[in-house]
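Residue-level structure breakdown
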Amino acid sequence: MIDNLDMSLVDWSRAQFALTAMYHWIFVPLTLGLSFIIAIMETIYVRTGKEEWKTTTKFWMKLFGINFAIGVATGIILEFEFGTNWSNYSWFVGDIFGAPLAIEGIMAFFMETTFIAVMFFGWKKVSKKFHLISTWLVAIGSNLSAYWILVANAWMQQPVGVTFNPETARNEMTNFWDVALSPMAVNKFLHTISSSYVLAAIFVVGVSAWYIMKKRDLAFARKSIIVAAIFGFLTSVYTIFSGDGSARQVASAQPMKFAALEGLYKGQEGAGLIAFGFFSTSESDPENENLKDFTLKLEIPNVLSYMAFLDWDAFVPGVKDLIDGNKKHNILSAEEKIRRGKIAIAKLREFKEAKKSGNKELETTLKNEFTSDAFQKEYFRYFGYGYITNTDQLIPHVPLMFYSFHLMVALGGYFLLFFVYVLYLIIRKKAIEKRWFLRLAIWTIPLAYLASQAGWVVAEVGRQPWVIQDLMPTMAAVSRISTGAVQVTFWLFAVVFTTLLIAEVRIMVKQIGFGPKGKGGNK
Amino acid sequence: MAGKKNLFVRIFKFYVEGFRSMTLGKTLWAIILLKLFIMFFVLKLFFFPNILKTNFETDEERGDHVLENLTSKTNE
């Protein structure tokens, strides 16, 4: 079946998933971050008893509500796609996805929906303290929901805590905590939420800057900027640390992704970090269009080695080491991994045929062989390589990776400087009214979204061709459905999501126009 | 028992009054409901069947089908 696979089906299915995930991610980070900013503002209100903080809290709560309402359930479509477009994959992952997603569903439903109701309906009906607790629980609940989704994503990047059962063709969880607390999951969660907090802080500063530019609701805008700038500064600093942790995790679990995001073709000891670079249009390797030469680059010696392994002189494998192998550093060649992957597939086939023929004894023997530690370690861990027909398929698009990664890092650095400058203005009691700064603050909002999306491009394009690292490439995961059907739904989604986005922006702009004192209340 | 009943009534009233007094919330709920309708009654029903659940009756059949897909001749 795989030999007859139409690659355009894989590409369209990937494009559809990417479109859905990217649109979904437009809504999520603002929800994650704004929920905490609102909770902080309400805490100030409860502690000081000042009504203006209540007004401020209610205004941002309203924008949170709009974003939440438009974005809620957009992620469910991804689950539909698993069942239709990626059926082999969704079966193969077994309960690994089911458990975290079920926890996420229960948590989201009970924590978020219950306390969101108190948050919006309860201002005059519950005590101040209970209302505040509800607001904090919405923030904690929505962030914990994100944790379980990211656990599922992290497992695809680094499958741990499971054993593959050849009888059912499913992975079975052997240790829940290995899955739930894998370093990949923890790092991914911390980096994702901290960067979302930065995005939300930028959103609050940017919208508040608009009020100052329009010379209206000045006290409200300044108060909002103070909270958001402090929150944004602290989370920006933390995002750099969590990003560092994530990079180290990628370097050890996904060396090809790491090499691609730095455009490192040939491995080096004491490898330098390319702080800035541009690719030429010519290929470094004429047979692989994903490998381009740099025309210009600024390299900081040894930093990449330190970033990857906390050792200035450590060896960082390049793309070619991972393809051709490197005996000195114990790196298997891609050809060898493909050979081992094919052996694993062949063994699974033998098992299937024994099962089909009803030969119980042979079936048991083969199952025992397949699930033995030695076979798992030597062969099954390369199972997915057995589907690879050309080693070039193992290399992600290097320029796209490099530019996405460097754009994300550069913007992350800019956001930190931005918050430092805002705090400087606040501490020095200097006017925030400078028009250039207000314009900059507004235009930083789309840049925050750009950085957030670029981060996901790094995470997801960088792990290609794998849908599950080393175990299952996209071509083995995809369902054999018609490409035309995927194309139709791709455009359908494009229309539905674009409509939702337009609705969100229009409603939000309208409410921002009404201002904190509002028209139509705060519900 | 009466206290429990009273609590449920209060929670029920809390939601009813909350929904009644919504302004912007009504528009947002309309969007949510429309979105859910499109998702579950159009997309899910007509475009996104769960292939394994639709085409096979038991988990064993589903497992065998995936096993077949995973082990069918690749590029040897």
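Residues numbered from 1 in each chain as written. Chains lettered and ligands numbered in written order. Predicted model: local features only at pLDDT ≥ 70, side-chain atom pairs only at ≥ 80, totals over all residues. Heavy atoms only, no water.

Here's the deal with the overall build of chain A
Rule in force here: Each helix corresponds to a stretch of at least 4 residues labelled H or I by DSSP, and each strand to a stretch of at least 2 residues labelled E; elements are numbered beginning at the N terminus. When we talk radius of gyration, it's over C-alpha atoms, and the globule rule is simply 2.2 Å times the number of residues to the 0.38. Only protein chains enter the accessibility calculation, which uses a 1.4 Å probe; a residue is then buried when its area is under 20% of its type maximum, exposed when over 50%, and partly exposed in between. Throughout, a residue-residue contact means that at least one pair of heavy atoms, one from each residue, lies within 4.5 Å. Residue-level accessible areas treat just the shown protein chains as cover; the underlying method is Shrake-Rupley with a 1.4 Å probe. Counted as positive: Lys and Arg. Counted as negative: Asp and Glu, with His and the chain ends omitted from the count. A charged residue contributes its charge at one atom only: NZ of Lys, CZ of Arg, CG of Asp or CD of Glu.
Looking only at helices and strands, chain A features 19 helices and 8 strands. Here chain A has a C-alpha radius of gyration of 25 Å; the compact-globule value for 523 residues is 24 Å, and the two agree. Overall size of chain A, expressed as C-alpha extent along the three principal axes, is 75 × 55 × 40 Å. Taking all 523 residues of chain A together, the buried fraction comes to 58%. The long-range share in chain A, meaning contacts at least 24 apart out of those at least 6 apart in sequence, stands at 78%. When the accessible surface of chain A is summed, it comes to about 21700 Å², and 64% of that surface belongs to carbon and sulfur atoms. Charge-centre separation for chain A: the mean point of 51 positive side chains lies 16 Å from the mean point of 42 negative side chains.

Looking at the overall build of chain B
In terms of helices and strands, chain B carries 4 helices and 0 strands. In sequence order, the secondary structure elements of chain B are arranged as α-α-α-α. Of the roughly 5200 Å² of accessible surface on chain B, a fraction of 67% belongs to carbon and sulfur atoms.

A word on the pattern of salt bridges
To keep things clear, this is the line we draw: Salt bridge, as applied in this entry: a Lys or Arg side-chain nitrogen positioned within 4 Å of an Asp or Glu carboxyl oxygen.
Here the structure, examined in full by the defined rule, presents 19 salt bridges over all chains. Among the ionic pairs, K347 of chain A bridges to E369 of chain A, the shortest N-O distance being 2.5 Å. With K347 of chain A in helix α13 (residues 334-357) and E369 of chain A in helix α14 (residues 360-371), the pair connects residues that are 22 residues apart, well separated along the chain. Across the pair K352 of chain A and E68 of chain B runs a salt bridge whose closest N-O atoms are separated by 3.5 Å. Taken together, the residues K352 of chain A in helix α13 and E68 of chain B in helix α4 (residues 59-71) connect one chain to another. Overlapping salt bridges bring together E336, R339, R340 and E378 of chain A as one network.

Digging into the interface of chain A and chain B
Defined as follows: Summed over both partners, buried area is the accessible surface (1.4 Å probe) that two parts give up on being assembled. Pairing of N or O atoms within 3.5 Å defines a polar contact, subject to two protein rules: one partner must be a possible hydrogen donor and the other a possible acceptor, and residues neighboring in sequence count only if both atoms are side-chain atoms. Under the scheme applied here, ten amino acids are nonpolar (Ala, Val, Leu, Ile, Met, Phe, Trp, Tyr, Cys and Pro), four are charged (Asp, Glu, Lys and Arg), and all others, including Gly, are polar.
Listed as interface residues are 62 residues of chain A and, on the opposing side, 41 residues of chain B. For the chain A and chain B pair, buried surface summed over both sides reaches about 4400 Å², with 71% attributable to carbon and sulfur atoms. Where chain A touches chain B, the interface holds 4 salt bridges. The tally of links between chain A and chain B comes to 13 residue pairs in polar contact (both at pLDDT 80 or more). Sorting the residues of the side of chain A that touches chain B by element identifies α2 (51-71), α3 (76-84), α4 (87-92), α5 (95-121), α13 and α19 (483-514) of chain A as the ones contributing at least two each. With 9 residues, α19 of chain A is the single largest residue contributor to the side of chain A that touches chain B. In terms of residue class, the side of chain A that touches chain B is built from 32 nonpolar, 20 polar and 10 charged.

Remarks on the packing of aromatic side chains
Remark: the centre distance and the inter-plane angle together describe each pair of aromatic rings, the angle taken between the planes. Residue and element names in this part refer to chain A. Rules: Stacked, tilted and edge-to-face are the three classes assigned to paired rings of Phe, Tyr and Trp, where Trp is represented by its six-membered ring and a pair needs centres within 6.5 Å; plane angles under 30 degrees give stacked, over 60 edge-to-face, the rest tilted. In our convention, an over-ring charge means Lys NZ or Arg CZ found within 6 Å of a ring centre and within 35 degrees of that ring's normal.
As enumerated under the stated definition, the model contains 61 aromatic pairs over all chains in all. On the numbers, 5.9 Å between centres and 25 degrees between planes, the contact of F418 with F437 is stacked. One end of the pair, F418, is in helix α16 (residues 398-427); the other, F437, is in helix α17 (residues 435-461), and 19 residues separate them in sequence. Since its relative accessible area comes to 1%, F437 is described here as buried. Put simply, the rings of F92, F164, F370, F375, Y379, F380, F383 and Y387 pair up and form one aromatic cluster. Its end group placed over the ring of W91, R170 keeps NZ or CZ at 3.9 Å from the ring centre.

Description of the environment of S246 of chain A
All names here are of chain A. Along the chain, the position of S246 falls in helix α9 (residues 218-253). Once the C-alpha coordinates of S246 and A18 are considered, the two residues, 228 residues apart in sequence, prove to be 21 Å apart. Residues contacting S246, with those up to four places away along its chain left out, are N187, K188 and H191.

Comments concerning the side chain of K257 of chain A
Residue and element names in this part refer to chain A. Tracing the chain through its elements places K257 in helix α10 (residues 255-261). For the buried K257, which has no salt bridge, the nearest side chain bearing the opposite charge is E460, at an N-O separation of 5.9 Å. If near-sequence neighbours (up to four positions away) are discounted, K257 is found in contact with Q157, V250, M401, V458, A459, G462 and R463.

Regarding helix α2 (residues 24-47) of chain B
Using the following cut-off: Helices are assigned an expected span. That span is 1.5 Å times one less than the residue count. The seven residues ending at a residue and the seven starting there each receive a fitted axis; the angle between those axes is the bend at that residue.
Spanning 24 residues, α2 of chain B covers 32 Å between terminal C-alpha atoms, matching the ideal 34 Å at 1.5 Å per step. M39 of chain B marks where α2 of chain B bends most, by close to 25 degrees. All buried positions along α2 of chain B are accounted for by L24, G25, L28, I31, I32, K35, M39 and L43 of chain B. Taken together, the buried residues of α2 of chain B touch α2, α3 and α19 of chain A.

Let's talk about the nonpolar core
Residues and elements named next belong to chain A. Quick note on the threshold: Take the buried Ala, Val, Leu, Ile, Met, Phe, Trp, Tyr and Cys residues and link them wherever side-chain atoms come within 4.5 Å; each set so joined is a nonpolar core.
Membership of the largest hydrophobic core comes to 188 residues, with the highest contact counts inside it found for L34, W60, Y89 and F203. Among the elements that take part in this core, helix α8 (residues 183-213) stands out by supplying 18 residues, more than any other. If sequence neighbours within four positions are ignored, L34 has contacts with W60, L63, F64, A200, F203 and V204.

What to know about the packing of α19 of chain A against α2 of chain B
Heads up, the condition is: Inter-axis angles, ranging from 0 to 180 degrees, are taken between N-to-C directions of lines fitted to C-alpha atoms, where helices are fitted over the stretch in contact. Comment on the angle field: the value is read as roughly parallel under 35 degrees, roughly antiparallel over 145, roughly perpendicular from 65 to 115, and oblique elsewhere.
Across the interface, α19 of chain A lies against α2 of chain B with an axial gap of 12 Å and an inter-helix angle of 175 degrees. One finds that α19 of chain A runs roughly antiparallel with respect to α2 of chain B. In this structure, α19 of chain A contributes V488, T489, L492, F493, V496, L500, A503, I507 and Q511 of chain A to the contact, and α2 of chain B contributes L24, L28, I31, K35, I38, L43 and F47 of chain B.

So, α8 of chain A
Residue and element names in this part refer to chain A. Between its terminal C-alpha atoms α8 stretches 45 Å, which fits the 45 Å expected from 31 residues at 1.5 Å a residue. Judged by how many residues are buried, α8 sits mostly within the fold: 26 of 31 residues are covered. Directly beyond the C-terminal end of α8, a positive phi value near 55 degrees is found at K215.

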